[in-house]
Amino acid sequence: MIRFVNVSKEYKNGVIALYDINIEINKGEFVFLVGSSGAGKSTLIKLLLKEEGITRGKLYLNGTDITRVPNRRIPFIRRQLGVVFQDFRLLPNKTVYENVAFAMEIIGASPRAIRRRVPTVLSMVDLSRKASSYPDQLSGGEQQRVSIARSIVNNPPVLIADEPTGNLDPDTANDIMKALVDINNRGTTVLMATHAKEIVNSMRKRVIALENGRIIRDEEKGGYDIES
Ligand SMILES: Nc1ncnc2c1ncn2[C@@H]1O[C@H](COP(=O)(O)OP(=O)(O)OP(=O)(O)O)[C@@H](O)[C@H]1O
């Protein structure tokens, strides 16, 4: 599903953020990406989203070498990836329903498909009651669940979450994790970058640890730290 082959990333200022990264993530896996600040987690995600170019190596998404994809095809690549960020990034002037519907409108979905699909995903994240609310009328956890609904509404095979619980208290963070596990159980591959040690330790999923741009650990059913 996702394959990094000898990938390196050097920024224009000479900072080498990733060195010779090799990762293979299969369909349906749930993978935590951990590492201290500056380890290279966000850079790795930016390469997948094609927000940054790759300096060396190859990166495959669903069998396509995305390092060779021309710019005009980037939107098609992006459609295979649902993305959730720490800061939710909802549109403030749209309701919950409209925020989720908008993700379908921009890919040209029919009004009928939108009317059918949006209530389904809102119920998956337990937000049916809040469909007409605006983001500023919601708690942080609810806003993040809207953002998750939006990220999966077009059925992407892969969901990328960059520190999705970073702004949330522990109970709310657990609700978000339940939503992500639910989505993973329905077959979506999940890659989540996080500093949330307790969450990683309690879930016992695959853990890939980065340090100074290198993979120092890749463990099935791992913990946040090597000793855990
Ligand atoms: N646009 C950029 N230009 C130059 N250097 C950058 C740029 N973005 C990140 N870096 C550098 O690349 C390295 C990796 O940064 P990155 O943001 O990927 O780390 P991270 O693991 O996501 O950290 P955090 O947990 O704080 O988000 C750091 O040394 C950082 O300073």
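Identification of the protein as Cell division ATP-binding protein FtsE from Soehngenia longivitae is taken from an unreviewed UniProt entry. Looking at the Subcellular location (unreviewed entry) heading of the UniProt record, one finds this comment for the protein: "Cell membrane". Per UniProt, the protein carries the Sequence similarities (unreviewed entry) text "Belongs to the ABC transporter superfamily."

(A) Fine view of the site of the ligand. Surveying the vicinity of the ligand reveals 13 residues, the closest of which are Ser-37, Gly-38, Lys-41, Ser-42 and Thr-43. Between the ligand and the protein, one listed contact pairs an oxygen atom with a side-chain N or O atom of Ser-37 at 2.6 Å. Computed on the free molecule, the ligand has an accessible area of 640 Å², of which 63% lies beneath the protein chains in the complex. Class assignment for the residues of the shell around the ligand results in four nonpolar, eight polar and one charged.

(B) Spotlight on helix H5 (residues 140-152). In this model, H5 (13 residues) spans 19 Å end to end at C-alpha, consistent with the 18 Å of a helix rising 1.5 Å per residue. Among all positions in H5, only Gly-141, Glu-142, Gln-143, Gln-144, Arg-145, Val-146, Ser-147, Ile-148, Ala-149, Arg-150, Ser-151 and Ile-152 are buried. For H5, the elements touching its buried residues are strand E6 (81-85), helix H3 (96-105), helix H4 (111-124), strand E7 (158-162) and helix H6 (170-185).

Rules of the game
- Residues numbered from 1 in each chain as written.
- Predicted model: local features only at pLDDT ≥ 70, side-chain atom pairs only at ≥ 80, totals over all residues.
- Heavy atoms only, no water.
- UniProt positions renumbered as here; feature names shortened; annotations may be inferred.
- Near = heavy atom within 4 Å.
- Polar contact = N/O pair within 3.5 Å; in protein donor to acceptor, adjacent residues only side chain to side chain.
- Areas by Shrake-Rupley, 256 points an atom, 1.4 Å probe, with all protein chains shown as cover.
- Nonpolar A, V, L, I, M, F, W, Y, C, P; charged D, E, K, R; others polar.
- Helix = DSSP H or I, 4+ residues; strand = E, 2+ residues; numbered from the N terminus.
- Expected span 1.5 Å × (residues − 1).
- Buried < 20%, exposed > 50% of the residue type's maximum accessible area, 1.4 Å probe, protein only.
- Contact = heavy atoms within 4.5 Å.

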